[in-house]
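# Coordinate analysis (summary)
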Amino acid sequence: MGGAGTTAGTGGNRAGTGGAPGGGAGGTTTGAGGAGSGGNAGGDATAVCARWTADRANLSEGTWSGATATCTAGDLSADARANALRLVNLYRWLAALPPVVTDPTRDAQDQACALMMRANNMISHTPPTTWLCYTADGATAAGSSNVSGGPAVSSVDAYMIDNGNPTTIGHRRWVLSNSLGPIGIGGTDRASCMWTLSGTGRVGKPWMAWPAPGIIPLAAMTPARGTGVDTTGWSIQSDTINLATAQVAVTSGGVAMPVTVTQLLGGYGSRYAIRFNPMGWTTQAGKTYSVAVTGVTPAINYDVQIVACN
């Protein structure tokens, strides 16, 4: 088990068989199909920073009405769930993915999941029946959710950093998945669960990257405390492009920025994925990084422009 700050788990939950992404028949789609793989639609740094600042103006974790002593799952206050959902959709907007909504049934199951994590002071995607406050709904949610040892709102940022999951980067990949949504969000004062599997999204993007193409706030890469994306790795994921033979070259201002490339396990939010880690350099505001992925069909090329939103 590993975790970035509040995050935990084994890289998020694996979906399907043979590495297939979570699917789910029927239900409502969370976005139009055939979306491109470009970056956010903010247009310029001012617009992106305005959205980033506005969506992060309220990061309150709210209150939790439950109690471990009586195994009462309770609920998150509405502001906490809204704040967590807004952060999920902020990251998806930066990656040119449609927003998702929460489902009340999944919220309730994730609330039961969060209670178990809190009561036992540990996290697991497969909690045993011997756990304090064990319920079947909570166990189902644990096996279908990103789980965290921290509260719901701050855990969204931690999922995007995804420390402790070097073989999957699974939490991040689920947030950026084509199939995501509707999701569930449940939490306590220091444990939370976010339903990610069995989504009905049909976005159809050929690939997603983090940091995404386009304008990305430096704060999304380097949180106020703890590990950043340069340490856990930049990532590219796809449901259709086999990245097994991918080679990655990064340049900035015409200068080569060396990286190491690692294959990631399939089935965690996407069928295929890689991460690549900077070697001897760190992401800086005011710079544009050009990423070229060869050895795959089609080749992938994109630019990431890092800005300081303050």
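Residues numbered from 1 in each chain as written. Predicted model: local features only at pLDDT ≥ 70, side-chain atom pairs only at ≥ 80, totals over all residues. Heavy atoms only, no water.

## Overview of the state of the cysteines
Following the criterion strictly, the structure yields three disulfides and no others. Here C71 connects covalently by a disulfide to C133, the sulfurs 2.2 Å from one another. One disulfide, between C71 and C133, carries an S-S torsion of -80° and so falls in the left-handed class. Taken together, the residues span a long stretch of sequence, with C71 in the loop between α1 (45-55) and α2 (78-94) and C133 in the loop between α3 (104-120) and α4 (136-142) at a distance of 62 residues. Exposure remark for C71: the relative accessible area of 39% places this residue in the partly exposed category. Overall, the relative accessible area of 9% leaves C133 in the buried class. Each disulfide of the protein chain joins two cysteines, and with those cysteines numbered along the sequence the arrangement is 1-6, 2-4, 3-5. (Disulfide = S-S within 2.5 Å. Helix = DSSP H or I, 4+ residues; strand = E, 2+ residues; numbered from the N terminus. Buried < 20%, exposed > 50% of the residue type's maximum accessible area, 1.4 Å probe, protein only.)

## Focus: the packing of aromatic side chains
Using the criterion set out here, one finds seven aromatic pairs in the structure. Between W207 and Y302, the ring centres sit 5.2 Å apart and the planes meet at 35°, which makes this aromatic pair tilted. With W207 in the loop between β3 (192-195) and β4 (208-210) and Y302 in strand β12 (residues 300-307), this residue pair connects regions lying 95 residues apart in the sequence. Judged by centre distance (5.8 Å) and plane angle (80°), the rings of W234 and Y289 are edge-to-face. Taken together, the positions of W234 in strand β6 (residues 234-238) and Y289 in strand β11 (residues 288-294) put the pair 55 residues apart, joining distant regions of the chain. (Phe/Tyr/Trp six-rings, centres within 6.5 Å; stacked < 30°, edge-to-face > 60°.)

## Looking at the confidence of the model for the protein chain
Low pLDDT means the predicted atomic positions in that stretch should not be read closely. Averaged over every residue, the pLDDT of the protein chain is 89; the share at 70 or more is 86%. Here residues 1-10 scores under 50 on pLDDT; set against residues more than four positions off or in separate chains, the count is 41 contacts. With pLDDT under 50 throughout, residues 16-36 is counted as low confidence; its partners more than four residues away or in other chains account for 52 contacts. (pLDDT = per-residue confidence, 0-100. Contact = heavy atoms within 4.5 Å.)

## Points about the pattern of salt bridges
Enumeration according to the criterion identifies five salt bridges in this entry. The partner of D157 in a salt bridge is R56, and the shortest N-O contact between them spans 2.7 Å. Of this pair, D157 sits in helix α5 (residues 152-161) while R56 sits in the loop between α1 and α2, placing them 101 residues apart in sequence. Note on accessibility: D157 and R56 belong to one class, buried. The salt bridge partner of R118 is D189, with a shortest N-O separation of 2.6 Å. Placement of R118 in helix α3 and of D189 in the loop between β2 (184-187) and β3 is noted, with a sequence separation of 71 residues between them. Owing to a relative accessible area of 17%, R118 belongs among the buried residues under this scheme. Taking relative accessible area as the criterion, D189 reaches 44% and is therefore assigned partly exposed. (Salt bridge = Lys/Arg side-chain N within 4 Å of Asp/Glu carboxyl O.)

## Structural notes on the nonpolar core
Ranked by size, the top nonpolar core spans 60 residues in total, and within it W210 and I236 carry the most contacts. Here this core gets nine residues from one element, more than from any other, and that element is α2. Once residues lying within four places of it in the same chain are set aside, the contact partners of I236 are W207, M208, A209, L243, Y272, A273, I274, F276, V293, I300 and Y302. Counting residues in hydrophobic clusters, the runner-up holds twelve residues, among them I123, W131, A141 and A142. (Core = buried A, V, L, I, M, F, W, Y, C linked by side-chain atoms within 4.5 Å.)

## Points about the pairing of β3
Because side chains alternate across β3, one face comprises the buried residues S192 and M194, and the other comprises C193 and W195, equally buried. As paired elements, strand β1 (residues 145-148) and β3 share four bridges and run antiparallel to each other. Paired with S145 across the strands is W195, a residue of β3. Pairing analysis gives four bridges linking β2 to β3, with the strands arranged antiparallel. Looking at β3, one finds that G186 is bridged to C193. With antiparallel pairing between neighbouring strands as the criterion, β2 and β3 make up a hairpin whose turn holds four residues. (Pairing = 2+ DSSP bridges.)

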